[in-house]
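# Structure assessment
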Amino acid sequence: MLYIHGKTLIKIAVADDHILLRETLCNVIDTWENCKVMLQADNSKQFMAQLDPKNLPDLALIDLEMPEMNGYETIKAVKKIYPDIKFMVLSMYQSEEAIIHLIHVGAQGFFNKCDLTVRFKNSVYEMMRTGYYFADHAASRLVKQAIENGKLTLKNDLSDEELAFLKNIITEKTYQEIADNMHIPLRHAEYIRDKMFERFDVLNRVGLVTRVIKKGLVV
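Residues numbered from 1 in each chain as written. Predicted model: local features only at pLDDT ≥ 70, side-chain atom pairs only at ≥ 80, totals over all residues. Heavy atoms only, no water.

It is worth spelling out helix α1 (residues 19-29) at this point. All of the buried residues along α1 are Arg 22, Leu 25, Cys 26 and Ile 29. Viewed end-on, α1 has its buried residues packed into an arc of 100°, placing them on one side of the element. Within α1, the exposed residues directed more than 90 degrees away from the buried face are Leu 20 and Asn 27. Structurally, α1 contributes buried residues whose contacts are with β1 (10-15), β2 (35-41), β3 (59-63), β4 (86-91) and α5 (118-130). (Buried < 20%, exposed > 50% of the residue type's maximum accessible area, 1.4 Å probe, protein only. Helix = DSSP H or I, 4+ residues; strand = E, 2+ residues; numbered from the N terminus. Arc of directions from axis to C-beta. Contact = heavy atoms within 4.5 Å.)

Below, the structure written as structure tokens:
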């Protein structure tokens, strides 16, 4: 028997307006050990309307692009009311900016919906065990590590320029837009970026954002 956080059953909700894909996915999930689909929804509003505070899902699998409200808006709205529900986003869009936005609104996981193979099953179990799962395993590790390490203080003598850069990096702005916003050349913004990667011991922007947000350095 597989135990995850003391649970013998993972209650799962699935929200996706692609009915055939959703129903296929739900049928597959119901064959997994200790997993049960407890509700399905065509869109975000329908999903939210079905949430019962006395019987909430442990995990919500949600499409990023849905009618009524998109995945970002849905996660942010639900987290305000039910912060314990974990969200894994299913999408074909996996840019750094998209993943950064997902982390920022409270998603704990991301998986490419074009790759719903046995790896997907493993990703769900991994997320329930560790609290996070992103297709980029390095990003998942950094998120978990950032949470465990606690918050940073501002005693690390970051310059005003570096702090301004970090405040911009947690948005969806491109590096060119960050440079324009800070009134500096793109090359200088990239120089600050490289310094921050080295300083926080990360390899990419997603890693830097997870450190900055989860340690509370920039809010």
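So that's the structure; there's more coming.
Attention now goes to α5. Its 13 residues give α5 an end-to-end C-alpha distance of 18 Å, which sits within 8% of 18 Å, the value for a rise of 1.5 Å per residue. Of the positions making up α5, those classed as buried are Phe 120, Ser 123, Val 124, Tyr 125, Met 127 and Met 128. On its buried side, α5 packs onto β1, α1, β2, β3, β4 and β5 (109-112). (Expected span 1.5 Å × (residues − 1).)

Under the definition given, this model contains 4 salt bridges. Where Glu 126 meets Arg 129, a salt bridge forms, and the shortest distance between an N and an O atom there is 3.3 Å. In this pair, Glu 126 and Arg 129 both sit in helix α5, 3 residues apart, roughly one turn of the helix. Glu 126 sits in the partly exposed class, given a relative accessible area of 29%. Where Asp 194 meets Arg 193, a salt bridge forms, and the shortest distance between an N and an O atom there is 3.1 Å. Judged by its relative accessible area of 18%, Arg 193 falls in the buried class. (Salt bridge = Lys/Arg side-chain N within 4 Å of Asp/Glu carboxyl O.)

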